[in-house]
Amino acid sequence: MKIIKDKVAKLSFVALLITITAAMFYTPTASAHGEKSQAAFMRMRTIHWFDLNWSKEEVPVNDTMTISGKFYVFQGWPETVDKPEVAFLNVGIPGAVFIRQGSWIGGQLVPRSASLELGETYEFKVLLKARRPGDWHVHAMMNVQGGGPIIGPGKWTTITGSMKDFVNPVTTLTGDTVDLETYNLSNTYFWHGLWYLIGLAWLGYWIRKPLFIPRSIAVESGKAASLITSTDKKVGIAFTAGTIALVAWALAATNEKFPVTTPLQAGLLRNMKTFELPARTISVKVEDATYRVPGRAMQMTLTITNNGDSAVRLGEFNTAGVRFLDPAVYEDQSNYPDDLLAEEGLTVSDNSPLKPGQSRTVQVTASDAAWEVYRLADLIYDPDSRFAGLLFFSDESGNRQMVTVDAPLIPTFI
Ligand SMILES: [Cu+2]
């Protein structure tokens, strides 16, 4: 009976090992990033991305494309999310399908984290080089320390060609040109393999012996000392000494081969250049805002005052990257992703030009399936149901002016 139990224990242990190893190698293809499951308030009240442009829809391996645009760091940043004092401009893609060759905020290269100010707008650009063929959803993204990755709008981009043609040459500070895609890969395989074998040998040595249950019985009956033989001790010492010697030798050999090394640079960039928006001449007061669940529509009562010198009309409401447009005022020419664009999603009770010096209270409705599809309507179940977004007004000469709104949102279910 004891022998059978022991065999079962051993087999279970081996099965567990195989399962864990198999799980490490199982990597299914991810086709989305769960952007829709990021809390609606995170997408609506943190970073507002706008004027976005994906330079290409189809790009061959080794070719580059850019994502550029602007983002507004929301003034009413939620209390529950850390402020973007340490933020890293990134892209949201399924793995290394592109490599990031460079990213810029306000024209300054940002290979490391930057400190962003609430209430400011920044211009950004990310340069990507195509690596793995396929259809990929490419997002702008900001990683905020303590806040997590804040994902922006995504667009489907196709990479064509073959991954085996991909090259990533860089010139080191000592003047050598290496291909980072394959650089020293055999060395990486060698060390992974070697440590894996050492690990297996260590496990193999102990698995040969009686395992859990007989050992437990021995310990309980006071014979714990008999479980470890002098050979076991010698083997243990040999493994320990061997590991230390191997690490010491490898370190010395590496230092000799590469005498000049610099650590990864990880400082914080401060005082980033902000984007100067034109002087704000329109003021908007949100009188109330409701979300009608059955109609998938948000309704706002806004009092708009024009303090500028040109008549204006409301053309767009943008929240969490979803853009609701009034086609009579503004049409998108930027080839913005379809699923995020409600070309006729904005209706204004009176959208005749608002003359300079005038003030008007209007009903504004933003309706589209995107409220549900992008799960923005989940906001109404938050303990602090607030919405926020950007309103864009167009004046007579076509200039656009951005005004932010931020107010409580009350749901109606009828
Ligand atoms: Cu995506």
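Model, not experiment: these values are computed from the prediction.

Draft legend 1. Highlighting helix H3 (residues 185–207). Helix length check: H3 (23 residues) gives 32 Å between terminal C-alpha atoms against 33 Å at 1.5 Å per residue, within 8%. Burial runs low along H3: only zero of the 23 residues are buried.

Draft legend 2. Fine view of the sheet that holds strand E14 (residues 312–319). If you trace the five strands from one edge of the open sheet to the other, you get E16-E15-E14-E19-E20, paired in mixed fashion. A strand with exactly one partner marks an edge of an open sheet, and here the two such strands are strand E16 (341–342) and strand E20 (400–408). The pairing of strand E15 (residues 322–325) with E16 spans two bridges and is parallel. Residue pairing for E16: Arg 323 is matched across the bridge by Leu 341.

Draft legend 3. Examining the pairing of strand E12 (residues 282–292) more closely. Note: E12 against strand E13 (residues 297–306), 10 bridges, orientation antiparallel. Directly across from Arg 292, in E13, lies its bridge partner Ala 297. Counted along the chain from E12 to the antiparallel partner E13, the turn is four residues long, and its residue Arg 296 has a positive phi close to 50°. Relative to strand E21 (residues 410–412), E12 runs parallel, the two being bridged by three bridges. Within E21, the position partnered with Tyr 291 by the bridge is Pro 411.

Draft legend 4. The arrangement of helix H5 (residues 230–257) in detail. If you check H5, its first and last C-alpha atoms are 40 Å apart, about what 28 residues at 1.5 Å a residue would give, namely 40 Å. Counting buried positions along H5 yields zero of 28 residues, so the element is predominantly exposed.

About the thresholds
- Residues numbered from 1 in each chain as written.
- Predicted model: local features only at pLDDT ≥ 70, side-chain atom pairs only at ≥ 80, totals over all residues.
- Helix = DSSP H or I, 4+ residues; strand = E, 2+ residues; numbered from the N terminus.
- Expected span 1.5 Å × (residues − 1).
- Buried ≥ 20, exposed ≤ 12 C-beta atoms within 10 Å, placed from the backbone.
- Pairing = 2+ DSSP bridges.

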